[in-house]
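What follows is the residue order along each chain.
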Amino acid sequence: MLLALIAGLIFSFLAYKSNLFCSDQILSVGILKNFEAIQILLFALSISSLAFFIEYSLGDAVINVKPFYLVGVIVGGLLFGLGVGMLGYCPGTLEMAIGYGSIDALFGFVGGLAAGYFYILIYPMALPFLGPNYGAINFYTGNAVLNTVLVLAFSVGLFISAVALQSSNNQIMTIED
């Protein structure tokens, strides 16, 4: 739990310093003008994947993988992308923007909660349209050494990807541009 708290504090600090609470910052990623937000997310995933694996290995965390529905993932991804494009915020940056005083983020947050609740209500009726159930896809094996190698390779790969995205061309594209 302490590792997760430390990783969260580091991520929050980097997100604040990079102005991830500004919709222009997120939208500039979408038009491939600025990769700073992607870098921060890759660094955060790298650190948090290691922290989670340590907690999982110590028995302090549980993995509960949900079934994989291909059509559901594609439709969900499209809806997610539409929401990010319309608002200019990711779900995590919405809370930061609300804390900063953004009213549009507040409406987006309430809309996201309402949409999630609506999906819970219609899930039994939507289930046949989500495509075939491919089951819970999980890369953890019963072998502790193999699990460790997989997590380390994943974490290092994310870290290297974040460093590779470093560019002096990172620029925020404002909506007026």
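Everything that follows concerns the structure shown earlier in this document.
Every value quoted in this text rests on a predicted model; they were computed, and no experiment measured them.

Q: Honestly, the packing of helix α3 (residues 36-57) against helix α7 (residues 144-164) in this entry has me stumped. Any pointers?
A: Between two packed helices, the angle of one axis relative to the other and the distance separating the axes together describe the packing. Their axes nearest at 8 Å, the elements α3 and α7 cross at an angle of 165 degrees. Relative to α7, the element α3 lies roughly antiparallel. Crossing of α3 over α7 shows left-handed handedness. Between α3 and α7, the residues in contact are Gln39, Leu42, Phe43, Leu45, Ser46, Ser49, Leu50 and Phe53 and Asn147, Thr148, Val151, Leu152, Phe154, Ser155, Leu158, Phe159, Ser161, Ala162 and Val163, respectively. Across the contact of α3 with α7, the residue classes tally to 12 nonpolar, seven polar and no charged.

Q: Mind showing me how you'd approach the nonpolar core here?
A: Nonpolar side chains in soluble globular proteins tend to be buried together. The biggest cluster of nonpolar side chains holds seven residues, and these are Ala15, Leu20, Ile26, Val29, Ala37, Ile40 and Val84. Of all elements in the fold, only α2 (23-30) and α3 reach the threshold of two or more residues within this core. Those residues in contact with Val29 that lie beyond four places of it in its chain are Asn34, Ala37 and Ile38.

Conventions we followed
Residues numbered from 1 in each chain as written. Predicted model: local features only at pLDDT ≥ 70, side-chain atom pairs only at ≥ 80, totals over all residues. Heavy atoms only, no water. Axes fitted to C-alpha atoms, helices over the stretch in contact; angles between N-to-C directions. Helix = DSSP H or I, 4+ residues; strand = E, 2+ residues; numbered from the N terminus. Parallel < 35°, antiparallel > 145°, perpendicular 65-115°, else oblique. Left-handed = near helix turned anticlockwise from the far one by under 90°. Contact = heavy atoms within 4.5 Å. Nonpolar A, V, L, I, M, F, W, Y, C, P; charged D, E, K, R; others polar. Core = buried A, V, L, I, M, F, W, Y, C linked by side-chain atoms within 4.5 Å. Buried < 20%, exposed > 50% of the residue type's maximum accessible area, 1.4 Å probe, protein only.

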